[in-house]
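Residues per chain, in single letters:
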Amino acid sequence: FDTIVKSVTVYETPLPSFLSSKACPSFPISFTNTTSLNVGSLTFNWSFSDGTTSTLVDPVYSFPTSGQEQVTLTAVSNNGCNAVTIQNVTVYDVPLPDFTIANACKDKNVLFTNVSNIIGGSMTYSWDFGNGNSSLSENPNTIYLSEGSYQVTLTATSNFGCTSNTNKAVEV
């Protein structure tokens, strides 16, 4: 019997992983690649649930709607070894801020009724009454000392950090 001895090199397989920032629809989400490989270099292919792809190390992406979105990261070493990780990213709902205004009379208390809505979660509020006054109350009031038109802004922020605002003119 003749014997042939050959060396075989076994290369390390990458360990793909990533982190993502909080996700809100239509807002940029930062993905941080935490893939490890002890020796060699890596290339990456990201795939998002709508078919969009990226080869950046740390891509930024915006999902158009709320819900569970699948993100796939494929890591390939310079020796051709590859591995895949798939993670679901939760894209949280954006608040729908809205409000009504009682009679707005000069030198009188004007009540603002918050009718904001969100599908899931809770909200905090920030009001700018356009007269130099502001409030963090859910249903605040203010006094306008002069007649005129004032631009009122209500900003609603969900407990997941998703923010939206609305503006309305108040005639005093």
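All of these numbers come straight from a predicted model, not from anything done at the bench.

Each value, and the rule that gives it
Residues numbered from 1 in each chain as written. Predicted model: local features only at pLDDT ≥ 70, side-chain atom pairs only at ≥ 80, totals over all residues. Heavy atoms only, no water. Buried < 20%, exposed > 50% of the residue type's maximum accessible area, 1.4 Å probe, protein only. Helix = DSSP H or I, 4+ residues; strand = E, 2+ residues; numbered from the N terminus. Pairing = 2+ DSSP bridges. Core = buried A, V, L, I, M, F, W, Y, C linked by side-chain atoms within 4.5 Å. Contact = heavy atoms within 4.5 Å. Salt bridge = Lys/Arg side-chain N within 4 Å of Asp/Glu carboxyl O. Disulfide = S-S within 2.5 Å. Phe/Tyr/Trp six-rings, centres within 6.5 Å; stacked < 30°, edge-to-face > 60°.

## A closer look at the pairing of strand β9 (residues 109-114)
Now for step 1: Burial along β9 is one-sided: the residues V110, F112 and N114 are buried and none of N109, L111 and T113 is.
Now for step 2: Pairing geometry for strand β8 (residues 99-101) and β9, over three bridges, is antiparallel. In the sheet register, F99 faces β9, and the bridge partner there is N114.

## Comments concerning the nonpolar core
Now for step 1: Within the largest apolar cluster, 16 residues are counted, with the highest numbers of intra-cluster contacts made by F112, W127, Y144, V152 and V170.
Now for step 2: Residue assignment for this core shows that the elements contributing at least two residues are β9, β10 (123-128) and β13 (149-158).
Now for step 3: The greatest single-element share of this core, amounting to four residues, is contributed by β13.
Now for step 4: In this view, V170 contacts I101, A104, F112, Y144, G148, S149, Y150 and V152; residues no more than four positions away in its chain are not counted.
Now for step 5: Core analysis: the second largest hydrophobic core is formed by 14 residues, F18, V71, L73 and V89 among them.

## Some words on the pattern of salt bridges
Now for step 1: The tally for this structure, following the rule as stated, stands at one salt bridge.
Now for step 2: Residue K168 is joined to D98 by a salt bridge in which the shortest nitrogen-to-oxygen separation is 2.8 Å. Within this pair, whereas K168 is found in strand β14 (residues 163-171), its partner D98 is found in the loop between β7 (82-91) and β8, the two being separated by 70 residues in sequence.
Now for step 3: A residue is classified by how much of its surface remains accessible, and D98, at 31% relative accessible area, is partly exposed.

## Let's talk about the sheet that holds strand β11 (residues 134-135)
Now for step 1: The antiparallel open sheet is built from four strands, whose spatial order is β11-β10-β13-β14. The sheet is open, and its two edges are formed by β11 and β14, each paired on a single side.
Now for step 2: Sheet topology places β10 next to β13; six bridges connect them, and they run antiparallel. Pairing of W127 across the sheet is with L154, part of β13.

## A short note on the state of the cysteines
Two cysteines form a disulfide when their sulfur atoms are joined by a covalent bond.
Now for step 1: For the coordinates displayed, the defined rule picks out one disulfide.
Now for step 2: Between the sulfur atoms of C24 and its disulfide mate C162 the distance is 2.0 Å. Here C24 and C162 share a disulfide; its torsion about the S-S bond, -95°, makes the bridge left-handed. Remark: C162 occurs in the loop between β13 and β14 and C24 occurs in the loop between β1 (18-20) and β2 (29-33); sequence separation between them is 138 residues. Of the two residues, C24 and C162, neither departs from the other in class, the shared state being buried.

## Digging into the packing of aromatic side chains
Now for step 1: Scanning all chains against the criterion turns up 14 aromatic pairs.
Now for step 2: Here the aromatic rings of F18 and W46 are separated by 5.0 Å at their centres, their planes lie at 65°, and the arrangement is edge-to-face. Here the residue F18 occupies a position in strand β1, and W46 occupies one in strand β3 (residues 42-48), the gap between them amounting to 28 residues. Each of the two residues, F18 as well as W46, counts as buried.

## Examining the sheet that holds β1
Now for step 1: In space, the three strands of this open sheet follow the order β1-β2-β5, with antiparallel pairing throughout. Two strands lie at the open edges of the sheet, namely β1 and β5 (60-61), each paired on one side alone.
Now for step 2: Across three bridges, β1 lies against β2 in antiparallel orientation. Bridge pairing in β2 links S20 to F31.

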